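The chain contents come next:
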Amino acid sequence: SRTLYFSRHGESEYNVLGKVGGDADLSPRGYQYADSLAEYVNGTLGNTPGFKLWTSCLKRTIQTAKNIEAPREHLDALNELDTGVCDGLTYEEIAERYPIEFAARDDDKFHYRYPEGESYFDLLLRVKPVLDRLKVENNVLVIAHQAVLRCLLAALLKKDEKELPYIHTPLHTVMRLSFKPADGGCHLDLIPLSI
Ligand code: F6P
């Protein structure tokens with residue numbers, strides 16, 4: 001059997017402000033999560049041969065990975081959903097400035113594409129090469145972002161387009177995926193870490 005580990009980055013300064021997009025640093029709580037995650041991962045996976053780490057190219061995932069002892073790759077394909085003209089806005093500001101866009105997203109969150117940005121459908125295509133690699137990997141920790149992890153989880157757990165954009169992906173939580181060799185089925189455990 002094989003095991004994969006996913007985590008969102010620790011809380012970022014943008015998460016604190018409720019802003020989407022950007023390339024913010026971690027908040028003080030986010031840095032605490034980076035320490036907790038490193039302690040958990042170095043403890044449980046530190047001696048596992050082949051253990052490796054993939055992050056996005058954004059500062060908040062790289063900062064979250066900093067103290068983990070493993071070879072790492074930074075992949076553009078794992079960068080967060082591009083929110084286009086809404087980058088740096090709060091949901092409240094998006095609703096005020098772009099009410100029609102805001103309603104359209106609510107209406108069909110999977111297909112909705114931010115002006116000059118991406119949709120979940122676009123993102124699913126962007127992460128496809130990463131998914132193909134993950135299909136034959138064992139003991140990889142992927143540190144990425146909410147929308148990106150929803151795409152990876154939906155593909156691996158066989159969730160449909162309607163469910164995908166709403167998959168629960170809490171901060172400061174390790175998502176452990178265990179694959180059963182018998183039927184190829186996949187089991188998800190959420191492991192919240194105290195910070
Ligand atoms: O708020 C954090 C964040 O990663 C944003 O950068 C991103 O736009 C959003 O989550 C994706 O979640 P949703 O699709 O629910 O807005």
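Residues numbered from 1 in each chain as written. Predicted model: local features only at pLDDT ≥ 70, side-chain atom pairs only at ≥ 80, totals over all residues.

1. Remarks on the overall build of the chain
When you go through the chain residue by residue, the secondary structure sums to seven helices and six strands. Ordered by position from the N terminus, the helices and strands of the chain form the series β-α-α-β-α-β-α-α-α-β-α-β-β. Relative to the globule expectation of 16 Å for 195 residues, the C-alpha radius of gyration of the chain, 17 Å, shows essentially globular dimensions. In terms of its C-alpha atoms, the chain occupies a principal-axis envelope of roughly 50 × 40 × 25 Å. Here the chain, with 195 residues, has 33% of them falling under the buried criterion. For the chain, the share of sequence-separated contacts (at least 6 apart) that also reach a separation of at least 24 residues comes to 61%. (Helix = DSSP H or I, 4+ residues; strand = E, 2+ residues; numbered from the N terminus. Rg over C-alpha atoms; globule rule 2.2 N^0.38 Å. Buried ≥ 20, exposed ≤ 12 C-beta atoms within 10 Å, placed from the backbone. Contact = placed C-beta atoms within 7 Å.)

2. As for the site of the ligand
Within the structure, the ligand sits among N15, V20, G21, E80, L81, T83, H145, Q146, A147 and P165. Its residues assigned to classes, the shell around the ligand comprises four nonpolar, five polar and one charged. (Near = placed C-beta within 6 Å. Nonpolar A, V, L, I, M, F, W, Y, C, P; charged D, E, K, R; others polar.)

3. Brief notes about the UniProt feature "active site" (unreviewed entry) in the chain
With numbering aligned to this structure, UniProt lists the feature "active site" (unreviewed entry) at H9 and E80. Across 72 residues of sequence, these annotated residues stay compact in space, with a maximum C-alpha separation of 10.8 Å. Topologically, H9 is positioned in the loop between β1 (2-8) and α1 (13-17). Classification of H9 by C-beta neighbours within 10 Å gives buried; the count is 29. Every residue in contact with H9, bar those within four places of it in the chain, is listed here: L26, G30, R60, T61, T64, I143 and H145. Tracing the backbone shows E80 in the loop between β3 (72-74) and α4 (91-97). Discounting chain neighbours no more than four positions away, the residues touching E80 are G21, S56, L58, H145, A147 and V148. (UniProt positions renumbered as here; feature names shortened; annotations may be inferred.)

4. Description of the environment of V20
With respect to the secondary-structure elements, V20 resides in the loop between α1 and α2 (28-45). C-beta crowding within 10 Å serves as the criterion here: with 21 such atoms nearby, V20 is assigned to the buried category. Ignoring any residue separated from it by four or fewer positions in sequence, one finds V20 in contact with T83, C86, D87 and L89.

5. Observations concerning the packing of helix α6 (residues 120-134) against helix α7 (residues 146-157)
The N-to-C vectors of α6 and α7 enclose an angle of 65 degrees; their axes lie 9 Å apart at closest approach. By the criterion of interaxial angle, the relationship of α6 to α7 is roughly perpendicular. Regarding α6 and α7, the two cross each other, and that crossing is right-handed. Contact with α6, carried on its side by Y120, L123, L124, V127 and L131, involves A147, V148, C151, L152 and A155 of α7 and no other residues of that element. Each residue belonging to the contact of α6 with α7 can be placed in one class, and the counts come to 10 nonpolar, no polar and no charged. (Axes fitted to C-alpha atoms, helices over the stretch in contact; angles between N-to-C directions. Parallel < 35°, antiparallel > 145°, perpendicular 65-115°, else oblique. Left-handed = near helix turned anticlockwise from the far one by under 90°.)

6. So, the confidence of the model for the chain
Detailed reading of predicted coordinates is not advised where the pLDDT is low. With 100% of its residues at a pLDDT of 70 or more, the chain has an overall mean of 97. Interface scoring of the predicted complex returns ipTM 0.98; its pTM is 0.97. (pLDDT = per-residue confidence, 0-100.)

7. Observations regarding unusual backbone geometry
In this structure, N139 takes a positive phi of about 55 degrees despite not being glycine. Looking at where N139 falls in the secondary structure, it is placed in the loop between α6 and β4 (140-144).

8. Focus: the UniProt feature "binding site: substrate" (unreviewed entry) in the chain
The feature "binding site: substrate" (unreviewed entry), as given by UniProt, occupies R8, H9, G10, E11, S12, E13, Y14, N15 and R60 in the numbering adopted here. These annotated residues cover 53 residues of sequence, but their C-alpha atoms sit close together, with the largest distance between any two at 14.1 Å. Here E11 is to be found in the loop between β1 and α1. Here E11 is in contact with V16, L26, S27, R29, G30, Y33 and L171, once residues within four sequence places are set aside. Note that Y14 resides in helix α1. Sequence-distant contacts of Y14, defined by excluding residues within four places in its chain, comprise K19, G22 and A24.

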